Amino acid sequence: MVLPIRPDLKGLTPYGAPQDDVTARLNVNENPYAPPPSVVDAITRAVHQAAEELNRYPDRDFTALRQDLAKYLATESNVDFLEAHNIWAANGSNEVMLHLHQAFGGPGRTALSFAPTYSMYPEYARDTLTDYVTMPRREDFSIDIDAAVAEIESRNPTLVIVASPNNPTGTALSLDEVRALAAACGKVPGGSVLVVDEAYAEFRRRGVPSAATILPSIPHMVVSRTMSKAFALAGGRLGYLAAHREVIDVLKVVRLPYHLSAVTQATARAALAHHRALQAQVDEIRAERDDTVDWLRAQGYTVPETDANFALFGPVKDREAVFRGLLARGVLIRVTGPEGYMRVSIGTAREMAMFRNALLEVTS
Ligand SMILES: *Cc1c(COP(=O)(O)O)cnc(C)c1O
């Protein structure tokens, strides 16, 4: 069959990490703890109620959910200026990011990010015919802010995307660094939106602030979050962002009508009402992360500072072989990042013990 495939899509394969049924799934940064029964019950009740009206389209503007998200983010990040009209949401922050590209990217426009970083960024750009360029991070995976500012000045990107904490390195930005990038974006003729992707924000170490705290003074910044990681709701598919109202108003234009199903809205609201129970193990995951980092360093690996629920480690001589050796022992991690590096998501104490034992066996 002859299919009129877009030339730039020819030969490409779909994005996705393996979803193998192994004992320790440590490859996609999920929260390893399932929702507690009380939260499962609350979600079930909420979905039951939504089901009684499934003949109707859902609330297109998901106002109640946006109010709940504003309240949650205000508490979590210690900010008090957020209202429903400052919040946008979609089916995972992946879709939120797509909306940003549909609204602010497009042919002849450029999105700039800092490599190594999240492997979906080039896909949002590709799908919206936006040019995607990256600047390399420093050896320790921090961003050379002076160089970044110069790059923004010379390329005039309409989108500057920075994950903080960054995936796959775990590196977080300071508020001064965010301010410097925002200032450079503010000087781009025609405008530039700074996207701070805080998918892992809830795992940040004490004293590391969210970019949300400086949102009032930066009208062209968006702070993106998700319920997929710390929230233990990856299966619920709910991502969101906070921004000034003018930004939200543009995103409304590009979304498909009724993009957030009534079932999704009900699930997310019930989960938000129980955010403490759902995130009960975040402190434990953080402690397990710090222990994992210490252990990996003691084994002689380089591990960048991480504020997320994963650790990047290297050098590994033959990472494909290590990947297969771990998998044979029931441990699934990720071959990602610069050559010689691998990423392990932080699981339960038992899963991390499995990981350590398996890694010792495979590399001895
Ligand atoms: C996991 C992740 C996301 C979240 O994606 P969802 O679509 O919300 O599940 C966003 N950004 C980064 C950098 C991630 O690693």
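Every value quoted in this text rests on a predicted model; they were computed, and no experiment measured them.

The rules behind these values
- Residues numbered from 1 in each chain as written.
- Predicted model: local features only at pLDDT ≥ 70, side-chain atom pairs only at ≥ 80, totals over all residues.
- Heavy atoms only, no water.
- Domains from an automatic or database assignment.
- Buried area = accessible area lost by both parts, 1.4 Å probe.
- Salt bridge = Lys/Arg side-chain N within 4 Å of Asp/Glu carboxyl O.
- Helix = DSSP H or I, 4+ residues; strand = E, 2+ residues; numbered from the N terminus.
- Nonpolar A, V, L, I, M, F, W, Y, C, P; charged D, E, K, R; others polar.
- Buried < 20%, exposed > 50% of the residue type's maximum accessible area, 1.4 Å probe, protein only.
- Pairing = 2+ DSSP bridges.
- Polar contact = N/O pair within 3.5 Å; in protein donor to acceptor, adjacent residues only side chain to side chain.

A. The arrangement of the domain arrangement of the protein chain in detail. Entries for the protein chain in the domain assignment read domain 1 (18–33 + 281–363) and domain 2 (38–277). When each unit is reduced to the centre of its C-alpha atoms, the spacing between domain 1 and domain 2 is 26 Å. Carbon and sulfur atoms make up 53% of the area that domain 1 and domain 2 hide from each other, which totals about 1,800 Å². The three residues of domain 1 that bury the most area against domain 2 are Arg286, Asp307 and Phe310, which together make up 31% of that side's buried surface. Viewed at the interface, domain 2 and domain 1 are joined by 2 salt bridges. The partner of arginine 205 in a salt bridge is glutamate 305, with the nearest N and O atoms 2.7 Å apart. Those elements giving two or more residues to the side of domain 1 that touches domain 2 turn out to be α10 (282–298) and β9 (310–313). The element best represented in the side of domain 1 that touches domain 2 is α10, accounting for 5 residues. Among the residues forming the side of domain 1 that touches domain 2, the class breakdown is 10 nonpolar, 6 polar and 8 charged.

B. Highlighting unusual backbone geometry. Each neighbour pair has its own omega, and for asparagine 167 with proline 168 the value is 15 degrees, a cis peptide bond. By the secondary structure assignment, proline 168 is in the loop between β5 (159–163) and α6 (175–186). Residue glycine 314 is joined to proline 315 through a cis peptide bond whose omega torsion reads 0 degrees. Although it is not a glycine, arginine 237 sits at a positive phi angle of roughly 55 degrees.

C. Representation of the pairing of β9. The alternating pattern of β9 places Phe310 and Leu312 and Ala311 and Phe313 on opposite faces, both of which are buried. In terms of strand pairing, β9 meets strand β11 (residues 342–345) through 4 bridges, oriented antiparallel. Directly across from phenylalanine 313, in β11, lies its bridge partner methionine 342.

D. Local environment of the side chain of asparagine 31. Its place among the elements puts asparagine 31 in the loop between β1 (24–25) and α1 (37–51). Taking relative accessible area as the criterion, asparagine 31 reaches 10% and is therefore assigned buried. Polar side-chain contacts of asparagine 31 include one of 2.9 Å to the backbone nitrogen of tyrosine 33. A polar contact is formed between the side chain of asparagine 31 and the backbone oxygen of alanine 230, at a distance of 3.1 Å.

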